[in-house]
Amino acid sequence: MNRYWEKLARLKENELETINPVMRHVMASFIDPLSNGIKQRFVDAQKRPGRKTAAVSLLYWAHQDVLALQTLQTVLDAISRPQRYQTVAMRIAREVHNELRFQLFEAQEPPLFKAVNKHINDSPFAYRRSYRQKVMVHAMNKYEVMWDEWTTEQLYSVGVFLLDSLIEYTNIVSVDRYFSSMRGKKQSTIKVRPTEEFEKWMQNQHEACAELRPRMIPMLCPPKPWTGPREGGYLTDRFRSDLVPGRRARGINVDRSYDAMPIVYEAINHLQSTPWRVNQFVLDTVTHLWDNGLELPDVRRFDVELPPRAPEGAPPEELREAKCARRDVRIENEKMRGRRMAAAQTIGLAKRFAGRAIWFPHRYDFRGRVYPRPQYLQPQGDDLAKGLLEFNEGEKITPVGMTWLKIHAANSFGVDKVSMGDRAGWVEDNWDMIEAVAADPLASREWYEADSPLQFLAACDALVRANDGEPVHLPVGVDGSCNGIQHLAAMSRDELAGKLVNLMPGPVPADIYAVVAEAVNEELDRIIADPKEVKTSKGTVRWTAENVKLMALRWKDFGVTRSLAKRPTMILPYNGTPTAVEKYIDEYVLKTVTKTGTDPFGKDRSDSIAFLTRVIGPAMRAAVKGPVEVMEWTRQMAKSVASSRDPLIWTTPSGFTVVQAYQESRSRRIETKMGDKLIRLTLREETPRYDSGQQRRSLAPNWIHSYDAACLHLTLFEAKLAAVRMGAVHDSYLGHPNAMNTISLLLRKVFVNVYAKENRMEQLRQEIAKHSSADINELVEPPALGGLDIGLVKQSEYFFA
């Protein structure tokens, strides 16, 4: 806002006011109406007799422009997908709360504010939020800069007031009621979603989109190295955050200083020191398509027309089928609107930073997983974001690098279940197509058919440039084979599971998803040959034998492929619930039905998906018995600790301390006036007690994620010692093609070192006992180790491929 007004003042002085029409349009379209609307609400509230709303009394001194901008930016930060009304309202309120407190202190006592902030950052307790708050409050009280923390009710009141103002005075978002069925019970949720009108405006106002960018964006200089729990990342204090934000265990002070975990600090500093740039070839292609209203791969520009309603008086079955068909199209249109919004933001940011070196500040979550702070245009983004980014530092390709570049191109296209040699051979066999795409991607659209179209497009350009002797900037990546099961197989030393996820060498990559799909098809064949009725837990018949046979036949006709089995199998190590499995199967079916135009399930889709979930679950667990035993052991151990009401704490091999402390929450029904309607919403608040069920269910997935993160920390540390630049997307390791041999050796070395000598299950048991009041003898002993030789990972070409 300040930049806008200052620039406008300078333009007025030089009689050039009309030079900045884009931002003026943004102001006129959204910020001004919202600001004026907020002001009018204040005036109306003052005129009305009686008790004023909490929001009016809390915000009476705030400038409406600040409130409008905070509200607008907070909503725009995550506008690409529908979100719960309560979540959005509370996020707006917290942003406004922090901004107003910051402004008040800084405005009244600028030197004091600067001195106090420096004192806190220099303190060894800076990582403790409670310490920061106490020091700030003490300083504000001493110098009579008073500020009372807002309660949950006050935050919610402010958030609803501002969000409702946004809905009333702009046409950016609307609210809809979403219905879902959970375990036979219908539930409804109020969600905020972008309007169709705003989406069209975003598509037509590309320069304005750049002005309405998210707050967290790439940096034009290297991020500040992390030297303490609150010292690192963005240079400005306004965007400074903890190295490890999130929940904190009550009464537990975890040392996360540099001295306590130096490898963790060195790893993140090495990762965020990598300079990137926008891939101009991909940006030019995408910009031409987007600006001319053409479709990007997987981003349809217009909604699909809803199918017609069933005619009046139609039989119930026809009514249900028509209703389901319309629901499917509505869901798909909504997802596509989110993709369009995300694409507009990503392209706008890419245009803004084109031609410049950029860096991405990172931070950890409580498990040690690393995430970039910027949104949309970042290395962990979608295919569009990844395709638009490349390393700023390029090298001429070596013969080894050329092989890795070919493998990356084949992987991006979807040729990733054959040997490395066959992948490189596929590129050579399709060289004419690759050259044609690189020469004119608008005329040669074969890249649209790739699994990762934009990344394949970037690979085509890089291959041709490399072949011509030009420097290559494109990062290539290697991914784990169902990484969660890889860690569980290593922890349990399960040979069968280890073989399925490529912990053992083989001539071609093993494919656990194909194995699960084959087992499911075999079980379907057995069911068709000998169907039996299925009963509910209460003993009533859920499906007759005839229904069971019919559903099995439909699934055989539909086709249970590795693609269908992939997502349910991937979430197995993370305690994927039957509901989550049903969700992923439903998404796959919906995508297939949209593509083919035929639905073999019709009104029986829900039952058919529930049936397949009952079949696919045992098939997955039978394929990986060792990992399943480990997961069950973690649940039993967490259950033993739950009675002590202690958090679960352990340290990973990289030195990162994990604190798992899920707190119970209580819900309250709150009446909210949305426009002229009175609705009832549920507001959740955390309590001091820990949620024993959530603690038990989450131990296995969080433990696995923490070890996955530890392997990345150690690999990044080794890469820094070897002077190798890297990028990372959790279990995907990125590097220049010339460096991939080195990176592949490092990540295998780290994995073997982590698991070869230590019994990590027993280590977890000892650490949880150490940090809780539970006796070690009360914690169940881990399962016996199998006979898998972890050292074979070093010989497995397809461990990460």
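Here the structure is a predicted model, which is why all the values come from computation and not from measurement. (Residues numbered from 1 in each chain as written. Predicted model: local features only at pLDDT ≥ 70, side-chain atom pairs only at ≥ 80, totals over all residues. Heavy atoms only, no water.)

**Re the overall build of the protein chain**
Part 1 of the reasoning: Helix and strand counts for the protein chain stand at 29 helices and 20 strands.
Part 2 of the reasoning: Here the protein chain, with 801 residues, has 53% of them falling under the buried criterion.
Part 3 of the reasoning: For the protein chain, the share of sequence-separated contacts (at least 6 apart) that also reach a separation of at least 24 residues comes to 73%.
Part 4 of the reasoning: With an accessible surface of roughly 37,200 Å², the protein chain has 49% of that area assigned to carbon and sulfur atoms. (Helix = DSSP H or I, 4+ residues; strand = E, 2+ residues; numbered from the N terminus. Buried < 20%, exposed > 50% of the residue type's maximum accessible area, 1.4 Å probe, protein only. Contact = heavy atoms within 4.5 Å. Areas by Shrake-Rupley, 256 points an atom, 1.4 Å probe, with all protein chains shown as cover.)

**Here's the deal with the pairing of strand E16 (residues 657-660)**
Residues in a regular strand point their side chains to alternate faces of the sheet.
Part 1 of the reasoning: Neither face of E16 is left uncovered, since the one carrying Thr657 and Val659 and the one carrying Val658 and Gln660 both have all their residues buried.
Part 2 of the reasoning: Direction of pairing for strand E15 (residues 648-651) relative to E16: antiparallel, over a ladder of four bridges. What sits directly across from Leu648, in E16, is Gln660. (Pairing = 2+ DSSP bridges.)

**Considerations on the packing of helix H12 (residues 280-291) against helix H18 (residues 453-467)**
Part 1 of the reasoning: Orientation of H12 relative to H18, taken along the N-to-C sense of each, is 130°, at an axis distance of 9 Å. Put simply, H12 runs oblique to H18. Considering only the axes of H12 and H18, their crossing is right-handed. Residues Phe281, Val282, Thr285 and Val286 of H12 form the contact with H18, whose participating residues are Leu454, Leu457, Ala458 and Asp461. (Axes fitted to C-alpha atoms, helices over the stretch in contact; angles between N-to-C directions. Parallel < 35°, antiparallel > 145°, perpendicular 65-115°, else oblique. Left-handed = near helix turned anticlockwise from the far one by under 90°.)

**Things to note about helix H8 (residues 152-169)**
Part 1 of the reasoning: Under the 1.5 Å per step criterion, the end-to-end length of H8 is 26 Å for 18 residues, consistent within 8% with the ideal 26 Å.
Part 2 of the reasoning: Counting buried positions over the 18 residues of H8 gives 13, a clear majority of the element. (Expected span 1.5 Å × (residues − 1).)

**So, the nonpolar core**
Part 1 of the reasoning: Core analysis: the biggest nonpolar cluster contains 166 residues, and Phe456, Trp555 and Phe611 have the highest contact counts within it.
Part 2 of the reasoning: Among all residues touching Phe456, those that are not within four sequence positions of it are Ala409, Ser412, Phe413, Trp426, Met433, Ile434, Trp447 and Ala450.
Part 3 of the reasoning: Counting 55 residues, the second-largest nonpolar core is a separate cluster that includes Leu58, Phe113, Tyr156 and Trp201. (Core = buried A, V, L, I, M, F, W, Y, C linked by side-chain atoms within 4.5 Å.)

**A word on the sheet that holds strand E20 (residues 732-735)**
Part 1 of the reasoning: Ordered by their spatial adjacency, three strands build an open sheet running E12-E20-E19, and the pairing between neighbours is antiparallel. Two strands in the sheet have a free side with no partner beyond their single neighbour: strand E12 (476-479) and strand E19 (727-729). Geometrically, the sheet is characterised by an average inter-axis angle of 20° between neighbouring strands, direction not taken into account.
Part 2 of the reasoning: By the bridge criterion, three bridges tie E19 to E20 in an arrangement that is antiparallel. Bridge assignment links Val729 to a residue of E20, and that residue is Ser732.
Part 3 of the reasoning: Lying on the sheet, helix H28 (residues 740-755) is in contact with E12 and E20; it crosses E20 at an angle near 145°.

**Digging into unusual backbone geometry**
Part 1 of the reasoning: Notably, Asp298 is not glycine yet its phi reads approximately 65°, a positive angle.
Part 2 of the reasoning: In this fold, Asp298 is placed in the loop between H12 and helix H13 (316-353).
Part 3 of the reasoning: Here the phi dihedral of Cys482 falls at roughly 50°; this positive angle occurs in a residue that is not glycine.

**Comments concerning empty space enclosed by the protein**
One water molecule sets the probe size; rolling that probe over the atoms shows where empty space is left.
Part 1 of the reasoning: Taken as a whole, this structure holds nine cavities of 30 Å³ or more when the rule is applied.
Part 2 of the reasoning: Considered as a void within the structure, the largest cavity measures approximately 80 Å³ in volume.
Part 3 of the reasoning: For the largest cavity, the full set of lining residues is Thr74, Val75, Ala78, Ile79, Arg81, Gln83, Val88, Arg91, Val173, Val192, Arg193 and Pro194.
Part 4 of the reasoning: Listing elements by their share of the lining of the largest cavity, those giving two or more residues are helix H4 (64-77), helix H5 (85-108) and strand E3 (185-194). (1 Å grid on protein atoms, 1.4 Å probe; cavity = no way out; pocket = protein on both sides within 12 Å on 5 of 7 lines; lining within 4 Å. Points joined across faces, edges and corners; volume = space filled by probe spheres on them.)

**Let's talk about the packing of aromatic side chains**
Part 1 of the reasoning: Taken as a whole and assessed by the stated rule, the structure comprises 24 aromatic pairs.
Part 2 of the reasoning: When the centroid spacing of 6.1 Å and the interplanar angle of 80° are considered together, the rings of Trp543 and Phe611 count as edge-to-face. Linking Trp543 in strand E14 (residues 541-543) with Phe611 in helix H25 (residues 605-623), this pair joins segments that are 68 residues apart in sequence. The burial state of Trp543 is the same as that of Phe611; both residues are buried.
Part 3 of the reasoning: Each member of the aromatic cluster is reached from another via a ring pair, and the members are Trp633, Trp703, Tyr707, Tyr733, Phe751, Tyr755, Phe799 and Phe800.
Part 4 of the reasoning: Positioned above the aromatic ring of Trp290 is the side chain of Arg301, whose terminal nitrogen or guanidinium carbon lies 3.8 Å from the ring centre.
Part 5 of the reasoning: Above the plane of the ring of Phe353 lies Arg352, whose end atom (NZ or CZ) is 5.6 Å from the centre. (Phe/Tyr/Trp six-rings, centres within 6.5 Å; stacked < 30°, edge-to-face > 60°. Lys NZ or Arg CZ within 6 Å of the ring centre and 35° of its normal.)

**Focus: the environment of Ala565**
Part 1 of the reasoning: Inspection of the secondary structure assignment puts Ala565 in helix H23 (residues 562-570).
Part 2 of the reasoning: Judged by relative accessible area, which is 0%, Ala565 ranks as buried.
Part 3 of the reasoning: For the pair Ala565 and Glu518, spaced 47 residues apart in sequence, the C-alpha separation works out to 9.5 Å.

**A few points about helix H16 (residues 420-429)**
Part 1 of the reasoning: If you check which residues of H16 are buried, you get Met420, Arg423, Ala424, Gly425, Trp426 and Val427.
Part 2 of the reasoning: Turning to H16, the residues buried within the fold contact helix H15 (399-413), helix H17 (431-439) and H18.

**Section: the pattern of salt bridges**
Part 1 of the reasoning: Taken as a whole and assessed by the stated rule, the structure comprises 30 salt bridges.
Part 2 of the reasoning: In this structure, the salt-bridge partner of Arg193 is Asp176, at a minimum N-O distance of 2.4 Å. Linking Arg193 in strand E3 with Asp176 in strand E2 (residues 173-182), this pair joins segments that are 17 residues apart in sequence.
Part 3 of the reasoning: Residue classification places Arg193 among the buried positions, given a relative accessible area of 16%.
Part 4 of the reasoning: In this structure, the salt-bridge partner of Asp708 is Arg369, at a minimum N-O distance of 3.3 Å. In this pair, Asp708 is assigned in helix H27 (residues 692-721) and Arg369 in the loop between strand E7 (362-364) and strand E8 (370-372), connecting sequence segments 339 residues apart. (Salt bridge = Lys/Arg side-chain N within 4 Å of Asp/Glu carboxyl O.)

**Concerning the side chain of Asp461**
Part 1 of the reasoning: The residue Asp461 is located in helix H18 in this model.
Part 2 of the reasoning: Ignoring any residue separated from it by four or fewer positions in sequence, one finds Asp461 in contact with Phe281 and Ala438.

**Some words on the side chain of Asp494**
Part 1 of the reasoning: Positionally, Asp494 belongs in the loop between helix H19 (483-492) and helix H20 (495-500).
Part 2 of the reasoning: Ignoring anything within four residues of it in the chain, the contact list for Asp494 reads Ala489, Lys625, Gly626, Pro627 and Leu788.

**Quick look at the pairing of strand E4 (residues 224-228)**
Part 1 of the reasoning: Where E4 meets strand E5 (residues 231-233), two bridges bridge the pair, whose relative direction is antiparallel. From the neighbouring strand, Gly228 faces E5, where its bridge partner is Glu231.
Part 2 of the reasoning: Between E4 and E5, which pair antiparallel in sequence order, lie two residues.

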